[in-house]
Amino acid sequence: RLVLADGNRVYRLESDGNVSVVAGADDDSAGNADGVAATAARLSLFDTALAFDSDGRLLFADAARLRRIEDDGTLSTLAVSAGGSLNIRGIAVADDGAVFFSSFVERQVMRLDPDGTVSVAVGSGDVVDVSAADAPALEVDLAFPQSLVFDAAGRLLIAERDCCIRRLDDDG
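The structure contained in this document is the topic of the report that follows.

Reading the values: rules and limits
- Residues numbered from 1 in each chain as written.
- Predicted model: local features only at pLDDT ≥ 70, side-chain atom pairs only at ≥ 80, totals over all residues.
- Heavy atoms only, no water.
- Helix = DSSP H or I, 4+ residues; strand = E, 2+ residues; numbered from the N terminus.
- Rg over C-alpha atoms; globule rule 2.2 N^0.38 Å.
- Buried < 20%, exposed > 50% of the residue type's maximum accessible area, 1.4 Å probe, protein only.
- Contact = heavy atoms within 4.5 Å.
- Areas by Shrake-Rupley, 256 points an atom, 1.4 Å probe, with all protein chains shown as cover.
- Pairing = 2+ DSSP bridges.
- Axes fitted to C-alpha atoms, helices over the stretch in contact; angles between N-to-C directions.

## Overview of the overall build of the protein chain
No. 1: Helix and strand content of the protein chain: 0 helices and 14 strands.
No. 2: Counting from the amino terminus, the protein chain carries its helices and strands in the arrangement β-β-β-β-β-β-β-β-β-β-β-β-β-β.
No. 3: Taking 16 Å as the expected radius of gyration for a compact globule of 172 residues, we find that the protein chain reaches 16 Å, a close match to that expectation.
No. 4: Projected onto its principal axes, the C-alpha coordinates of the protein chain cover approximately 45 × 30 × 30 Å.
No. 5: Scored against the burial criterion, the 172 residues of the protein chain give a buried share of 39%.
No. 6: Taking the intrachain contacts of the protein chain between residues at least 6 apart in sequence as the baseline, contacts between residues at least 24 apart amount to 33%.
No. 7: Carbon and sulfur atoms make up 47% of the accessible area of the protein chain, which totals about 8,600 Å².

## Digging into the environment of Gly 17
No. 1: Relative to the elements of secondary structure, Gly 17 occurs in the loop between strand 2 (10–13) and strand 3 (19–23).
No. 2: Judged by its relative accessible area of 46%, Gly 17 is partly exposed.

## Some points on the sheet that holds strand 14 (residues 165–168)
No. 1: Strand order in the open sheet made by the 3 strands is 12-13-14, with antiparallel pairing throughout. Of all the strands in the sheet, the pair left with one neighbour each is strand 12 (145–150) and strand 14. Geometrically, the sheet is characterised by an average inter-axis angle of 25 degrees between neighbouring strands, direction not taken into account.
No. 2: The pairing of strand 12 with strand 13 (residues 156–160) spans 4 bridges and is antiparallel. Counterpart to Pro 145 in the pairing with strand 13 is Glu 160.

## Some words on the pairing of strand 13
Looking along a regular strand, one sees side chains alternate from face to face of the sheet.
No. 1: Of the two faces of strand 13, only the one carrying Leu 156, Ile 158 and Glu 160 is buried; Leu 157 and Ala 159 on the other face are not.
No. 2: Hairpin remark: strand 12 followed by strand 13, antiparallel, with 5 residues in the connecting loop; positive phi at Gly 154, about 85 degrees.
No. 3: Alignment of strand 13 against strand 14, held across 4 bridges, turns out to be antiparallel. Each bridged residue has a counterpart across the sheet, and for Leu 157 the counterpart in strand 14 is Arg 167.
No. 4: Counted along the chain from strand 13 to the antiparallel partner strand 14, the turn is 4 residues long, and its residue Asp 162 has a positive phi close to 55 degrees.

Structure, rendered in structure tokens:
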């Protein structure tokens, strides 16, 4: 499955080489509320964070909202970042089904558990000493977290703008 996004749409590259739209439209007549068909919704995909959840459903950042395309093709909002628009920059899904997303403005990485609980996974929310290493996960100062990915050992890697890549170890 290869998916790509631009400012308004998410595309899927089919096995035959054709490209199809899976989310997004040029007009906003359908709106973008939960329950709207994903292909009819007006989206704000300025930061094209994309991932698949453990059930194979597409997750993406729609401005400050973490969205999912449901099995019936409609949109749902899983979480909203408090920092406002253009805020979620990275999405990664853990083996246990938890979804991690980077909140650029808040300088934190959030965790969305399968039961819907959202919590801070990494980051103090401050930018005091972004060069400090080996700090506990909730005390580390992140410099604008961007991309997220899990390594082969299941540890979360966090790419920060103009800084470094951090690893969340099993002990936090």
